[in-house]
Structures are given as C-alpha cells and as structure tokens.
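# Report on the structure
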Amino acid sequence: MSQHRSPASRLGFLAVPAAGLLVLAGCSTSSNDNGGDTDSQSFSLMYATSNNIESPFEVLAEKYMEANPNVTITLNPQPNDTYGDTVRTQLQAGNASDVIETEAGSGQTRSIIPLAEAGFLAPLNDSISALVPSGSEELFQIDGETYGLPLTISYAGITYNTVAASAAGIEDFAADWDTLLEQCATASAAGKSLFVLAGSTVPNAGITASIISATRVYAQDPDWNQQRAAGDVTFADSQGWIDTLTAVKDMYDNGCFQAGAEGAGFDAITTGMTSGTTVGFFGPLGSASELQKAAPDQNYVAESFPPATTSDKAFGVASPTYSLSINKASENSAAAEAFLDWIAEPENSGVFAEAAGSLPISGLADLDLSDTIYADVSDELTQGDYVPLPNSTWPNAAIYDALAIGVQGLLTGQSTVDQVLASMDAAWDQ
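Residues numbered from 1 in each chain as written. Predicted model: local features only at pLDDT ≥ 70, side-chain atom pairs only at ≥ 80, totals over all residues. Heavy atoms only, no water.

Right, let's get into the overall build of the protein. Along the protein, the regular secondary structure elements total 19 helices and 13 strands. Here the C-alpha atoms of the protein give a radius of gyration of 21 Å, agreeing with the 22 Å that 2.2 N^0.38 yields for 430 residues. Principal-axis analysis of the C-alpha atoms gives the protein an extent of 60 × 50 × 35 Å. Contacts spanning at least 24 positions in sequence make up 78% of the contacts within the protein whose residues lie at least 6 apart. Carbon and sulfur atoms form 47% of the exposed surface of the protein, whose accessible area is close to 16000 Å². Side chains of the protein give 12 positive and 53 negative charges; the mean places of these two sets differ by 4 Å. (Helix = DSSP H or I, 4+ residues; strand = E, 2+ residues; numbered from the N terminus. Rg over C-alpha atoms; globule rule 2.2 N^0.38 Å. Contact = heavy atoms within 4.5 Å. Areas by Shrake-Rupley, 256 points an atom, 1.4 Å probe, with all protein chains shown as cover. Lys, Arg positive; Asp, Glu negative; His and termini not counted. Charge placed at Lys NZ, Arg CZ, Asp CG, Glu CD.)

Structure (structure tokens):
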C-alpha cells in the first residue's frame, strides 16, 4: 500500500464517464427551461450530517444558487444518527423540507421504497429515471415510477489514515484476520487504536457489521438476501453471519477500537481521524474527502475488511446510496423539480460525487482508479467483487436496527451473537 496516495480531492476526473454523458444528453432538462415556470424559485433542502465540515449537499446547493441567482435554498441539516426518524416524523407532520436526502432501497427509515409506499414522496420525471443504474431499479422505483435521484456510488469500507498507520509502525493494511488482530496490538502499543467506532449510534454500529459481512457472508453467497427472502436460510443458522458478529466482538475484546467505543458518538470519529490518534474507521469512504479538508496533513485511502485468510477472496461493499427525493406535500415542487433536473444534466451530475470524494453513478467498471484513494480496492470495484449494502434490499428498517442495536449489545456485554441474530430473524419475519 502506497504511503503517498493522492487524497480524495484527486477524484475530480471521475465526474461522469463519456458513455454516461451520451445517455444523459438526450434526456435532461435545463434549469433555465424549468426555473421560470414556478411562482416560487426557492425551496428547502434537508440532509443528514455527522460533523461541522462542509457537506456535499451544501456544495450542491451553493453551485445551484450560483447558476440560478434568483433561487434561495434553505438548508436544513439534521444529525445523522437520528435523521431517519426525524425525516419520517416531519413528513408525517407535514412540515418536512421540499427536497430531502433519502437512501436507496428499503432497509432504513430514510429509505426510498418505504417512504414512497407511505405516500410521502413525489414521482420524478424521465431525466431522473435515466440516472438509475441498470439492475438497481428496485432500489429507486415502484411500478416503474422513480422516487429518488441517485447521486453517487458509495464505497463502504475502511477509511484508512496512512500517516497515522506509519506513525504506529504499521506498513501495509492487514490482508487477513490474524494480521488484523496483530495490527490492533501494534496500534495500541503506539498509543493509538486501529479503529474508531461511534458505538452509541445506530448508523455506525450497523455499517461496521455490514462491511464485515461482505467477506464473511456475501463473498461466498452473493444472493444470500434472496435466499433469506425465500426462506431458505436465516441469520441464526448462517455461519457467515455468526462469523460477522463474532468478529465485531473479538475486535472489541482485543482492543481494536478506542477506549469507550461503546458509548462514543460521531465526534469521536472526526476527532480520532483528523488528529491521527486512530488509524481507520468503518463507513462510506465519501467521509475521506471531508476529513482531508479538515486535516490536510493526514492522508486517507480506502481499504476493504480483510477476509479470514489470504486464500479467501477480497470482497467489498459498493452501491448507489445517497439520493434526493421530493416531498409529495411540497408547496414548492416545481422549484424542487428544477433543482433535481439541474443535477441530472451531464455537466452537473458529477458535482456531488466530486464533492463527496465518491464514485460516479455509472461506468464504474471502466474507470482507472490506480491513482486515486480507491487504488487498494480498485480490483474489487472494476471486477465487480462487491455487494450493495446488505440492508438496501432487506424488507424493513427494523432488521438493520436489530443489527445495530445488537452490535451495541455485544460491546456492552448485554447481548450474545445468537440473541442478535435471532432478533434480526424476528424483525425480518414481522
């Protein structure tokens, strides 16, 4: 692993591949055509945030207002750990923002499918539908209607600080489980932790287990979710899921996380990663771009969680995740639609991905990632050795909550692996 990898800002070239431009050029509508059709040119935008670093959603809003000086976008950031519950509560109360951040699929409270099924989201036009990656339609559409604008492909893995790793005496990131535990001890001896975990938050606890499950469950059974839906398997009887949660507990017991990880919030991640007191954390790699701006003396790259042995296949998590939807009850729907149409234009559709340091929504297999923060996982990405976030096609958000709360219970000693998996099965079958 190179210790001098280009930071996230080098991803500007990844805006939109040429093939994607050709497809989109015939179906987008300019903001000039839409901008003058509304009584109100202004609208509100709600999105989740985990720190005080500029969000990619803010970048989108600023660029749109620069291109449309008559528009004012009222920003409504909400804490990430409670965002799903907040957006649903506001939608039910009728006071949600005009445009809201949603997530692809059905497995979270902020996910597109359950919100659309509840009647909270407005269907979007053909220019938005054209951006939905082939094979991902079920994550954005119901009966052919699209309810979310996909913004990026998000790689969820380990954001790894090569500067902190070097200071701890670690050269290359672990390629197998035993080496990972050795590196946990090495980092501890140097006064650091190998990982920082926001253990008190559902999003970080849940995604940590989800990332580990890529190598323990989905590398062997990519269609495990379909098998569970058919009733052919359960969480409780799947060795891969047992191994996933056992790995979480073993890392905690071996000091792989910072002291007090079970009670930590998102601020622990920001502080640990920017100060260099921790080497890495589990989550979407888009965070690396924000961290790099806050700590230019550090260097962040992508790593996947190591398989059990070096003979096992490396496998990652990558899927369309971040999206924008329009509140069906919006009184500024035309202005909101013009904003989404502007994002869908070829010259603008890569703005979010560039600001987030993430990947473009199409053409992933054709990209040269060798000189980017994704270099160490480029083979996985270009060869398709990855799975979407597991919960993106789980039938309800309660399953992911059971996973995340279960991880918290493993850390505090209040739950066992068997109890967590049983609770996930119960949530699936409810």
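Read on for the rest.
On to the pairing of strand β3 (residues 99-103), then. Both faces of the sheet carry side chains from a regular strand, because those side chains alternate between them. Judged by how many residues are buried, β3 sits mostly within the fold: five of five residues are covered. A two-sided burial pattern is seen for β3, the buried positions comprising V99, E101 and E103 on one face and I100 and T102 on the other. Looking at chain direction, strand β1 (residues 43-49) and β3 are connected through two bridges and run parallel. Bridging from a neighbouring strand, L45 pairs with V99 of β3. (Buried < 20%, exposed > 50% of the residue type's maximum accessible area, 1.4 Å probe, protein only. Pairing = 2+ DSSP bridges.)

Applying the stated criterion to the full structure yields 21 aromatic pairs. Ring geometry for F235 against W241: centres 5.2 Å apart, planes inclined by 70°, an arrangement best described as edge-to-face. Of the residues examined, F235 reaches a relative accessible area of 0% and is grouped as buried. Take W241: its relative accessible area is 0%, and that puts it in the buried class. Taken together, the ring pairs connect Y218, W224, F235, W241, W394 and W428 into an aromatic cluster. (Phe/Tyr/Trp six-rings, centres within 6.5 Å; stacked < 30°, edge-to-face > 60°.)

Along the chain, the position of T393 falls in the loop between β13 (386-387) and α18 (397-412). Note on T393: relative accessible area 31%, which makes it partly exposed. Sequence-wise, T393 and Y47 are 346 residues apart; in three dimensions their C-alpha atoms are separated by 22 Å. Other than its neighbours up to four places away in sequence, T393 contacts S106, E138, L139 and N225. Among the polar contacts made by the side chain of T393, one reaches the side chain of N225 at a distance of 3.0 Å. (Polar contact = N/O pair within 3.5 Å; in protein donor to acceptor, adjacent residues only side chain to side chain.)

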